Structure formats: structure tokens, C-alpha cells
Amino acid sequence: MRIFKSPRGQAMPGPTRPMTGADFAPRPDTAVTWLGSAGIFLNSRGTTLMVDPLLQDFDMPLLIQPPILPRQVPQLDALLITHIDNDHFSRSGCVDLKEVCRSYHAPRYVAEQISALGLPGTGHGIGETFRVGCVSATLTPAKHDWQNSSKKWAYRHWEEKDYCGYWFDTPDGSIWLPGDSKLLPSHLTMPQPDMILLDFSDNEWHITFEGAVRLAEAYPQARLLCIHWGSVDAPDWSTFNGDPAALAARVSNPARVLAPAPGESIVL
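Since the structure is predicted, the reported quantities are computational estimates derived from the model, not experimental observations.

Draft legend 1. Spatial organisation of the overall build of the protein. Summing up its helical and strand segments, the protein has four helices and 16 strands in all. Rg of the C-alpha trace for the protein: 17 Å, near the compact-globule value of 18 Å for 268 residues, within the 12% margin. By residue count, 57% of the 268 residues in the protein fall in the buried class. Contacts spanning at least 24 positions in sequence make up 65% of the contacts within the protein whose residues lie at least 6 apart. Roughly 10900 Å² of accessible area belongs to the protein as shown, and the carbon and sulfur atoms make up 52% of that amount. Mean positive and mean negative side-chain charge positions of the protein (22 and 29 charges, respectively) differ by 1 Å.

Printed below as a string of C-alpha cells:
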């Protein structure tokens, strides 16, 4: 874990490791790569997935460089989106991956928005499972419907089914991304995962810091790969201001807290 401070005091990761075609090649194991923000790249024995990649055109300044641009991606079996927020659903990024990405998956409303871009969006319900190569993906519940309280975004009624996390079963173990969500009772009664992709933002529409500690302690064997931190230059926004060192100080077996640089792979 290498934690630095931005000029305005935010915790941020080490320098980005640029990704190359080798990261997308077949391999004998499963590797998880943080893309910055909430984005994840998964290469499981040659099956390649991205979840919520924010690789270009964000409307707020960033603290990091993305490890790869959409036009540099050589091939992708699937791109998965958890919800509509533009730090998770990058419309331009999805479009610019069109020629190399075989499939797009999301909750049903978000999949409709993907399809509206001229892309092959496939919608799923909470609890539904689908396969991409050797990886099985199941949508898990999330509660992040903050838009209903916003005059700007309440142009429709947002439902919990419009947001999700993902549970991945790979040949080498299980990975769980709870997604942007308040802590739900069901989050504490999942099977024991091998790795949790943990958003630990101390924000009322996220898990909160104390909620992240509870979740981590509910699964004491899980490695905790920190996401949704150290990427957006917004020191006054609690959603972007987690510090992995603070999380490690509160959980049992703190060595399981992982804070890699963007583009750095962790083998499952």
C-alpha cells in the first residue's frame, strides 16, 4: 500500500501503471486491475471484463491518469455497468469501445440507455446470473436512488432495481463488487467471497466508513481491494475522499486491505 496526498490533502494512490495488450492476453489465473475511480478490469484465464470504467471525458478534474484509453483497448468480452451516474456509466467510453467490446450488461433501465447509444445492451434483474466466457456474474442488490431527492435528476422515479453490484465466480475464486450503495442487511449475509471490491466512501448514499468496517468484519477472510477513492480532485466531496490507511487501521488482519495504483494487477 502506497498512499500519497494531493496538493489539496486528499489521499491518492501511487503513479498509474499504463496497461498494454499483454494485460488482455490469455493467462493461467485470474487478475483484478483497478482502473481508478470505481472502475475494474478482470482477466480470468483470458476472459476479459470491465466494470464501470471511467477512462475519459469526466466532467470533474482528476488526480490520476487512466491506465488505458478506450481506443487503446485491444479486445473486451464484456463491459458491465452498475448504475446511471456518470462516474460509472461513461457514455463516450462505451461508444469508443464499440468495435472491440462483444457485449454490454447492466440493470434493465441502464441497458436501455446503452442500447440508445447504438450498442448491444443486455438488461438484467437483481439476482439474475449470466455468463461471460469462464466467468459467472450475478447482480446483487444496491440502494443508491439519491436522484429522487434531486430536482435536476428526478425526471423519473428511480427504483432500487436500477442499481446493482456484481458477484463474480471465476475458476480461481469469487469476487464481489457491492457497488455504490447504502449498507443493506443482505450485504452482511452473503457467502464468504475471496475478494471484495470495496467502496468505503463516508457518504450517506454510499456504504459510509463505519458501514465499510462492518462489511469487512462480516467477511474476515476476504481481501479488500479499495475503489472509489483517490481519483477525483474534489476534497469537499465525501464520496471521493476515502483513505485506505484509515480502513486498514480499523479492520482485522489489516494486510488484506489492498490499495494498488491504477493499472496494477492483483492476482486472485
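Draft legend 2. How the structure looks around the sheet that holds strand 10 (residues 135-141). Spatial strand order, 9-10-11-12-13-14-15: seven strands in an open sheet with mixed pairing. A single partner strand is all that each edge strand has here, and the edge strands are strand 9 (129-132) and strand 15 (257-258). In the sheet, strand 12 (residues 173-177) pairs with strand 13 (residues 195-199) via two bridges, with the strands oriented parallel. By the bridge assignment for strand 13, Trp-176 is matched with Ile-196.

Draft legend 3. Representation of empty space enclosed by the protein within the structure. A complete count under the given rule lists four cavities of 30 Å³ or more for this structure. The calculated volume of the largest cavity comes to roughly 70 Å³. Residue lining of the largest cavity: Pro-178, Gly-179, Ser-181, Lys-182, Leu-183, His-187, Leu-198, Asp-199, Ile-207 and Leu-215, and that is the complete set. For the lining of the largest cavity, the residue count by class is five nonpolar, three polar and two charged. Taken as a whole, the second largest cavity holds about 60 Å³ of empty space. Looking at the second largest cavity, the residues that line it are Leu-35, Gly-36, Ser-37, Leu-54, Leu-62, Ile-64, Pro-66, Ser-231 and Val-232.

Draft legend 4. Summary view of helix 3 (residues 209-218). When we look at burial in helix 3, the residues that qualify are Phe-209, Gly-211, Ala-212, Val-213, Leu-215 and Ala-216. Buried residues along helix 3 sit in contact with strand 12, strand 13, strand 14 (223-227) and helix 4 (244-248). Regarding helix 3, its N-cap is Thr-208, as a side-chain oxygen of that residue lies 3.0 Å from the backbone nitrogen of Gly-211 further along.

Draft legend 5. The UniProt feature "domain: Metallo-beta-lactamase" (unreviewed entry) in the protein, seen in detail. Mapped onto the present numbering, the UniProt feature "domain: Metallo-beta-lactamase" (unreviewed entry) falls on residues 49-229. For residues 49-229, helix accounts for 14% and strand for 26%, while the C-alpha atoms at its two ends are 21 Å apart.

Draft legend 6. A look at the pairing of strand 8 (residues 121-124). When strand 7 (residues 104-107) meets strand 8, the two strands line up parallel, connected through four bridges. Residue pairing in the sheet places Ala-106 in a bridge with Gly-123 of strand 8. Handedness of the crossover joining strand 7 and strand 8 through helix 2 (residues 108-116): right-handed.

Draft legend 7. Representation of the pattern of salt bridges in the model. Per the stated rule, a full pass over the model turns up twelve salt bridges. Across the pair Arg-17 and Asp-23 runs a salt bridge, and its minimum N-O distance is 3.1 Å. Judged by relative accessible area, which is 8%, Asp-23 ranks as buried. As a salt-bridge pair, Asp-172 and Arg-45 come within 2.6 Å of each other at their nearest N and O atoms. Remark: Arg-45 occurs in the loop between strand 4 (39-44) and strand 5 (47-51) and Asp-172 occurs in the loop between strand 11 (164-170) and strand 12; sequence separation between them is 127 residues. Judged by its relative accessible area of 26%, Asp-172 falls in the partly exposed class. Residues joined in a network through salt bridges with shared partners are Lys-143, Asp-145 and Glu-160.

Draft legend 8. Quick peek at the environment of Pro-185. Residue placement: Pro-185 occurs in the loop between strand 12 and strand 13. Overall, Pro-185 belongs to the exposed group, its relative accessible area being 66%. Measuring from C-alpha to C-alpha, the distance between Pro-185 and Gly-121 comes to 30 Å, with 64 residues separating the pair along the chain.

Draft legend 9. Quick peek at the sheet that holds strand 5. Strand order in this open sheet of seven strands is 8-7-6-5-4-3-16, and the pairing throughout is mixed. Since the sheet does not close on itself, it has two edges, and those belong to strand 8 and strand 16 (265-267), each with one partner. Averaged over all pairs of adjacent strands, the angle between strand axes in this sheet comes to 25 degrees, irrespective of strand direction. Pairing geometry for strand 3 (residues 30-36) and strand 4, over six bridges, is antiparallel. Bridging across to strand 4, Trp-34 finds its partner in Ile-40. Of the strands in this sheet, strand 7 and strand 8 are in contact with helix 2, which crosses strand 7 at around 140 degrees.

Reading the values: rules and limits
- Residues numbered from 1 in each chain as written.
- Predicted model: local features only at pLDDT ≥ 70, side-chain atom pairs only at ≥ 80, totals over all residues.
- Heavy atoms only, no water.
- Helix = DSSP H or I, 4+ residues; strand = E, 2+ residues; numbered from the N terminus.
- Rg over C-alpha atoms; globule rule 2.2 N^0.38 Å.
- Buried < 20%, exposed > 50% of the residue type's maximum accessible area, 1.4 Å probe, protein only.
- Contact = heavy atoms within 4.5 Å.
- Areas by Shrake-Rupley, 256 points an atom, 1.4 Å probe, with all protein chains shown as cover.
- Lys, Arg positive; Asp, Glu negative; His and termini not counted.
- Charge placed at Lys NZ, Arg CZ, Asp CG, Glu CD.
- Pairing = 2+ DSSP bridges.
- 1 Å grid on protein atoms, 1.4 Å probe; cavity = no way out; pocket = protein on both sides within 12 Å on 5 of 7 lines; lining within 4 Å.
- Points joined across faces, edges and corners; volume = space filled by probe spheres on them.
- Nonpolar A, V, L, I, M, F, W, Y, C, P; charged D, E, K, R; others polar.
- Polar contact = N/O pair within 3.5 Å; in protein donor to acceptor, adjacent residues only side chain to side chain.
- UniProt positions renumbered as here; feature names shortened; annotations may be inferred.
- Right-handed = clockwise from strand over helix to strand, strands pointing away.
- Salt bridge = Lys/Arg side-chain N within 4 Å of Asp/Glu carboxyl O.
- Axes fitted to C-alpha atoms, helices over the stretch in contact; angles between N-to-C directions.

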